[in-house]
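The residues making up each chain are set out below.
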Amino acid sequence: MLETWFTLNLPTREAVALQRQRFFPEGMEGSFNRLKRLSLLSGIHGDELEGLYVCYRLASFLKENPRAIRGVIDIYPSLNPLGVNMTRRFVPFFEVDLNRMFPGDSFGSLPEKMAHATVHAVSGSSIAVDLHASNIFLKEIPQVRIDEGNASKLLPLAKLLNVDFVWVYPSVTVLRSTLAHTLNAIGVRTLVVEMGVGLRVTPIFGDQLVSGLIHLMAHEGFLSLDSPPEVREPIVSINEQVYFINAGCSGLFIPGADHGGRIGKEEVIGQIVSPFTGEGLETLRSPADGLLFTLRAYPIVFEGSLVARVCALEG
Amino acid sequence: MVREILVQMTSPAGYPIRVVGFRFGEGRPKVAIVGGLRGDEVHQSYVVARLCAFLRREAERNHGMIQGEILLVPLVNTFGFNVGYRFWPPDATDIDRMFPGFRFGETTQILAHSLFEKLKDADFGVHVTSLDPRQEHMALTTMYRSGLGNIEAGSHFGTHFLYVKDPKPFDTGSLLYNWQVWDVCALGLVGGKPSDIQQDLALEQTTAILRFLSKVGVLKLRVPERFSPVLLEEADLLLIRNGHPGLFLPLKAPGCGVFEGETLGWVRDTLTGEPLEELQSPALGTVFFRYARPAIFEEEVAFGVATR
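The rules behind each value
Residues numbered from 1 in each chain as written. Chains lettered and ligands numbered in written order. Predicted model: local features only at pLDDT ≥ 70, side-chain atom pairs only at ≥ 80, totals over all residues. Domains from an automatic or database assignment. Contact = placed C-beta atoms within 7 Å. Helix = DSSP H or I, 4+ residues; strand = E, 2+ residues; numbered from the N terminus. Nonpolar A, V, L, I, M, F, W, Y, C, P; charged D, E, K, R; others polar. Pairing = 2+ DSSP bridges. Expected span 1.5 Å × (residues − 1). Buried ≥ 20, exposed ≤ 12 C-beta atoms within 10 Å, placed from the backbone. Core = buried A, V, L, I, M, F, W, Y, C linked by C-beta atoms within 7 Å. Axes fitted to C-alpha atoms, helices over the stretch in contact; angles between N-to-C directions. Parallel < 35°, antiparallel > 145°, perpendicular 65-115°, else oblique. Left-handed = near helix turned anticlockwise from the far one by under 90°.

Asker: Run through the domain arrangement of chain A, naming residues and quoting values.
Answerer: All names here are of chain A. According to the domain assignment, chain A consists of domain 1 (2–233) and domain 2 (240–312). In this structure, domain 1 and domain 2 have C-alpha centres spaced 30 Å apart. At the interface, 11 residues of domain 1 touch 12 residues of domain 2. Of all the secondary structure elements, the ones that give two or more residues to the side of domain 1 that touches domain 2 are β6 (138–147) and β7 (165–169). A per-element tally of the side of domain 1 that touches domain 2 places β6 first, with five residues. Grouping the constituent residues of the side of domain 1 that touches domain 2 by class yields seven nonpolar, one polar and three charged.

This is the structure:
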């Protein structure tokens, strides 16, 4: 069932409907309040498209298996439709990051109204999954990010999602104006998934996550399946184990290691070179034995640009 | 006047990106004046540039005029300015949310760190800026409530209003906020709108800075008096919203005095041109700001009217 949950009235008086696809058990229309609800959210940043593929794959699965559905499953493919249409990360015209506008304001600017309407639409869900695709600069392996303040209630859920990595980061770095922080604060257990790279779809990552979502839904009683997909055990990290590797100079970054693979201490992550002089400017090495879970995808770097993240692993 | 390169980095395309400062005099008090942290704050940058031209000319013929040090930084986001973009172009970060910066961080954190190292030992810090890129303001002085001890210094500009703001969480990365944390007397000078130079307003603001410099004792110059500022808070502003989206056609400019019921502007249908809505002032007051673009969404804040 396609539902409109917010309408953007544009200066030309055209209306853009923000829509969700609602799946529910057969014969239960009108009884949604008696069912628990899961919300799958995507496209809050218009340049992150991996989530749209996941929405497509999951909607397709649910359409093919209507009798397995035991709860309400809402799919929101595009929370920032103007941004998705324009391949812009932010809300066009306003040039603000929608994921820094929460909890929003029904009397505020359009992005604040969109944020407020999103919270209103999703509240009441018992679980939400907020799908992100990094940005155009960095490629991420499928991972869940959790702030340590919510780790006890979210970590067991994150382990069901078939991701490779769960990053638990300290509460001091939590951005309080995000959708996930707002939803967790009102009792919606919300997982933030990061995977792939901006402006692209990586089907192998998307398919991996769809298996995890189906597994999670079966485990939490949203689906009844004879044999839900098996899931992998993720590496779980606390922040002290995560190293950030930034460019020391500007130039062209040439990766020298495999994204998502193990890397040894002092092994080469990549090199920054000068197309003008033909010289190597900087060789970036791993500060620890670990997992190279973030790697630069966009080759141009400025001094300070993030090039990689490594999660240190013992043994 | 000494021209200094305050920050320099090499771009991937090979050319340097620089933040340039102009230093006048030496000693104390030291005043740092910064514009153009955003690439579209052209008017704000121009205010500091005109001040630079004035000081250079006057200092040449009046050697005892400057009694202390003035550091002018007309434009920080030169990269954004050159390509017509408000933020740092490669990653869309706002330099005015990056202070005090981080030496080992991302590009704009490094830039903010390098710049702040040159600015944090000032006695007075003046940031010439815009409050909202979609609004056009009258000339006013701003400060954070936590810096209320600086009201006297804030009144030295002689603007009509001294606007006291409560910092929001994202303000903690601003230059003004961090100056204050470093015990610099930090004041903002707001006026105009981005991407547009308003000559008369710019000269009014440049003169306001000269008045300030004279009153804090760094400039020996007689500057005509203007207002004794009215202290204004957010609660003193009446916000006028439009009901309909369409074309916004303002009648009243920032700084105008208005009566209750006076027409402030209109919204017309974008395609048919028919009037959809007349926007009126709900009270006797002064137009503090107005929406600054021709296309308007529904329920935007079209005008702010100060009632004090």
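Asker: Which residues make up the sheet that holds strand β14 (residues 275–280) of chain B, and what values go with them?
Answerer: Residue and element names in this part refer to chain B. Within the open sheet, the four strands sit side by side as β14-β13-β11-β16. Their pairing is antiparallel. Looking along the sheet, the strands with just one partner apiece sit at the ends: β14 and β16 (295–296). Across two bridges, the pairing between strand β11 (residues 246–250) and β16 is antiparallel. Paired with G246 across the bridge in β16 is I296.

Asker: Please provide a residue-by-residue account of the domain arrangement of chain B, values included.
Answerer: Residues and elements named next belong to chain B. Considered domain by domain, chain B is made up of domain 1 (2–228) and domain 2 (233–306). Centre-to-centre, using C-alpha coordinates, domain 1 lies 29 Å away from domain 2. Across the boundary between the two partners, domain 1 contributes eight residues, which contact 10 residues of domain 2. Ranked by the residues each element gives to the side of domain 1 that touches domain 2, the list is headed by strand β6 (residues 135–144), at four residues. Class assignment for the residues of the side of domain 1 that touches domain 2 results in three nonpolar, two polar and three charged.

Asker: Which residues make up the interface of chain B and chain A, and what values go with them?
Answerer: Contacts between the two partners involve 25 residues from chain B, matched on the other side by 22 residues from chain A. For the side of chain B that touches chain A, the secondary structure elements donating two or more residues are β1 (2–10), α3 (107–119) and β16 of chain B. Of the residues forming the side of chain B that touches chain A, the biggest block, three residues, is contributed by α3 of chain B. Here the side of chain B that touches chain A is composed, by residue class, of 12 nonpolar, eight polar and five charged.

Asker: Account for helix α6 (residues 203–219) of chain A, with residues named and values stated.
Answerer: Residues and elements named next belong to chain A. The end-to-end C-alpha separation of α6 is 24 Å, in line with the 24 Å expected for 17 residues at 1.5 Å each. All of the buried residues along α6 are F205, G206, Q208, L209, V210, G212, L213, I214, L216 and M217. For α6, the secondary structure elements touched by its buried residues are β3 (37–41), α1 (50–64), β5 (127–132), β6, α4 (151–158) and β8 (189–196). G221 lies just past α6 and shows a positive phi near 85 degrees.

Asker: Before we move on, can you summarise the nonpolar core with the specific residues and values?
Answerer: Counting 169 residues, the largest nonpolar core has I33 and I70 of chain B as the members making the most contacts within it. With residues up to four places along the chain from it excluded, the contact list for I33 of chain B reads V48, L51, I70, L72, V126, V128 and I209 of chain B.

Asker: Outline the packing of helix α1 (residues 42–61) of chain B against helix α6 (residues 199–215) of chain B, supporting the account with residue identities and numerical values.
Answerer: Residue and element names in this part refer to chain B. In the contact formed by α1 and α6, the axes pass within 9 Å of each other and the chain directions differ by 55 degrees. Accordingly, the angle class assigned to the pair α1 and α6 is oblique. Between α1 and α6 lies a crossing whose hand is right-handed. In this structure, α1 contributes H43, Y46, V47, R50, L51 and F54 to the contact, and α6 contributes A202, L203, Q205, T206 and I209.

Asker: Explain the environment of V231 of chain A residue by residue, including any values.
Answerer: Residues and elements named next belong to chain A. By the element assignment, V231 lies in the loop between α6 and β9 (235–238). Overall, the presence of 18 C-beta atoms within 10 Å leaves V231 in the partly exposed class. For V231 and L213, which are 18 residues apart along the polypeptide, the C-alpha to C-alpha distance reads 9.9 Å. Every residue in contact with V231, bar those within four places of it in the chain, is listed here: L160, N162, S211, G212 and H215.

Asker: An account of unusual backbone geometry is requested, with residue identities and associated values reported.
Answerer: Of the consecutive residues F102 of chain A and P103 of chain A, the connecting peptide bond is found in the cis state with omega at 10 degrees. Here P103 of chain A lies in the loop between α2 (81–86) and α3 (110–122). The linkage connecting R28 of chain B with the following residue, P29 of chain B, adopts the cis geometry, with an omega of -5 degrees. Counting through the fold element by element, P29 of chain B comes out in the loop between β2 (16–25) and β3 (30–35). For T87 of chain A, which is not glycine, the phi torsion reads 50 degrees and is therefore positive. Position of T87 of chain A among the secondary structure elements: in the loop between α2 and α3.

Asker: Lay out the environment of L37 of chain B with the relevant residues and their values.
Answerer: All names here are of chain B. With respect to the element layout, L37 can be found in the loop between β3 and α1. By the C-beta count within 10 Å, which is 28 here, L37 ends up buried. It is 24 Å that separates the C-alpha atoms of L37 and G25, two residues lying 12 residues apart in sequence.

Asker: Which residues make up the sheet that holds strand β11 (residues 251–255) of chain A, and what are the values?
Answerer: Strand pairing in a sheet is mediated by backbone hydrogen bonds. Such pairs are either parallel or antiparallel. Residue and element names in this part refer to chain A. The strand order across the open sheet built from four strands is β14-β13-β11-β16, with neighbouring strands paired in antiparallel fashion. Looking at the sheet topology across the chains shown, the edges are occupied by β14 (280–285) and β16 (300–301). Strand direction decides the pairing type here: β11 and β16, joined by two bridges, are antiparallel. Counted as the bridge partner of L252 is I300 from β16.

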